[in-house]
Amino acid sequence: MAGEPQADCLFCKIVKGEVPATVVKETETTVAFRDINPQAPVHVLVIPKAHYPDAGSLAAAEPAIAADVLREAGEVALQENGEKGFRIVFNTGAGAGQTVFHAHAHVLGGRGFNWPPG
């Protein structure tokens, strides 16, 4: 069921404390932790504690929690990267590179980024 923890979801296991992660910030609705395969000097994932498979389904079902994820992504970026600028990425679907199907924002910083991305 949407919003409920999924037994086979890596990020649900991190939320429960069953899988270790380097947590940098936690709120009532979100957890932010370092990516294990960083693509930039700053690479933190911000996830909702509730399970939704992608950003679109999270936003449709729980707009307030989607806003929490986005707000926390901005706060983590400032905490980790200061005022130097950052990128927030939501990969949605396998075709866009999503590999863990639990909504999450990638907060990237600490280097320059090209446009267009990818």
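This is a predicted model, so every value here is computed, not measured.

Novice: Before we go on, may I ask you to explain the nonpolar core in this structure?
Specialist: For soluble globular proteins, the rule of thumb is that nonpolar side chains tend to be buried together. Core analysis: the biggest nonpolar cluster contains 16 residues, and Ala 32, Val 44, Val 46, Leu 58, Val 76 and Val 107 have the highest contact counts within it. Breaking this core down by element, the ones donating at least two residues are strand 3 (42-48), helix 3 (63-81) and strand 5 (105-109). Counting residues per element, this core draws most heavily on helix 3, which supplies 5 residues. Contact partners of Val 44, with chain neighbours within four places excluded, come to Val 24, Ala 32, Phe 33, Arg 34, Asp 35, Val 76, Glu 80, Ala 105, His 106 and Val 107. Judged by nonpolar contacts, the second largest core, of 9 residues, contains Phe 11, Val 31, Phe 33 and Val 100.

Novice: What is the right way to look at the UniProt feature "domain: HIT" (unreviewed entry) in the protein chain in this model?
Specialist: Those residues carrying the UniProt feature "domain: HIT" (unreviewed entry) are residues 10-118 in this numbering. Helix makes up 30% of residues 10-118 and strand 23%, with an end-to-end C-alpha separation of 25 Å.

Calculation criteria
Residues numbered from 1 in each chain as written. Predicted model: local features only at pLDDT ≥ 70, side-chain atom pairs only at ≥ 80, totals over all residues. Heavy atoms only, no water. Core = buried A, V, L, I, M, F, W, Y, C linked by side-chain atoms within 4.5 Å. Buried < 20%, exposed > 50% of the residue type's maximum accessible area, 1.4 Å probe, protein only. Helix = DSSP H or I, 4+ residues; strand = E, 2+ residues; numbered from the N terminus. Contact = heavy atoms within 4.5 Å. UniProt positions renumbered as here; feature names shortened; annotations may be inferred.

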